[in-house]
Amino acid sequence: MTTNADDYRGEDSPFLTVEEVARHLKVSKMKVYRMTHSGALPAIRLGRLYRIRHDDFTSYVCTAEYKP
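Residues numbered from 1 in each chain as written. Predicted model: local features only at pLDDT ≥ 70, side-chain atom pairs only at ≥ 80, totals over all residues. Heavy atoms only, no water.

A.B. asks: Sorry, what's going on with the pattern of salt bridges here?
C.D. replies: Think of it this way: side chains of opposite charge can pair up when their charged atoms draw near. This model, assessed by the stated rule, comprises one salt bridge. A salt bridge links Arg-53 to Asp-56; the nearest nitrogen and oxygen atoms lie 3.5 Å apart. (Salt bridge = Lys/Arg side-chain N within 4 Å of Asp/Glu carboxyl O.)

A.B. asks: I would appreciate a short explanation of the nonpolar core in the present structure.
C.D. replies: Soluble globular proteins tend to bury their nonpolar side chains together. In terms of nonpolar packing, the biggest core is built from ten residues, these being Leu-16, Val-18, Val-21, Ala-22, Val-32, Met-35, Leu-41, Tyr-50, Ile-52 and Phe-57. Contributing elements (two or more residues each) for this core: α1 (18–25), α2 (29–38) and β3 (49–53). Looking at this core element by element, the count peaks at three residues for α1. The contact partners of Val-18, leaving out residues within four places of it in the chain, are Lys-29, Val-32, Tyr-33, Tyr-50 and Ile-52. (Core = buried A, V, L, I, M, F, W, Y, C linked by side-chain atoms within 4.5 Å. Buried < 20%, exposed > 50% of the residue type's maximum accessible area, 1.4 Å probe, protein only. Helix = DSSP H or I, 4+ residues; strand = E, 2+ residues; numbered from the N terminus. Contact = heavy atoms within 4.5 Å.)

A.B. asks: Sorry, what's going on with the packing of aromatic side chains here?
C.D. replies: The geometry of an aromatic ring pair is captured by two quantities: the separation of the ring centres and the angle between the planes. Per the stated rule, a full pass over the model turns up one aromatic pair. Where Tyr-33 meets Tyr-50, the ring centres are 5.6 Å apart and the plane angle is 75°; that geometry is what we call edge-to-face. Of this pair, Tyr-33 sits in helix α2 while Tyr-50 is found in strand β3, placing the two residues 17 residues apart along the sequence. (Phe/Tyr/Trp six-rings, centres within 6.5 Å; stacked < 30°, edge-to-face > 60°.)

A.B. asks: What is the right way to read the layout of surface pockets from this model?
C.D. replies: Taken as a whole, the second largest pocket encloses approximately 180 Å³ of empty space. Looking at the second largest pocket, it is lined by twelve residues, and the ones nearest its centre are Thr-17, Val-18, Glu-19, Tyr-33 and Arg-51. Broken down by secondary-structure element, the contributors of at least two residues to the lining of the second largest pocket are α1, α2 and β3. Take the lining of the second largest pocket: its biggest share by element is four residues, from α1. For the lining of the second largest pocket, a count of residues per class yields four nonpolar, one polar and seven charged. (1 Å grid on protein atoms, 1.4 Å probe; cavity = no way out; pocket = protein on both sides within 12 Å on 5 of 7 lines; lining within 4 Å. Points joined across faces, edges and corners; volume = space filled by probe spheres on them. Nonpolar A, V, L, I, M, F, W, Y, C, P; charged D, E, K, R; others polar.)

Structure (structure tokens):
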């Protein structure tokens, strides 16, 4: 029996990819990487991949401030 990484990605997944976060925020993937490296957006690193917990993303969005 083989498993595919895509089997673990679905609507009910507790994690988001950098690309998914970038798409939700309408920013570049590089911006999301910078946010994770600065600590503004918590992320889990798995080898070369970064994953953001859905709850951490929701908290980030809810506490974000607009600074003109």
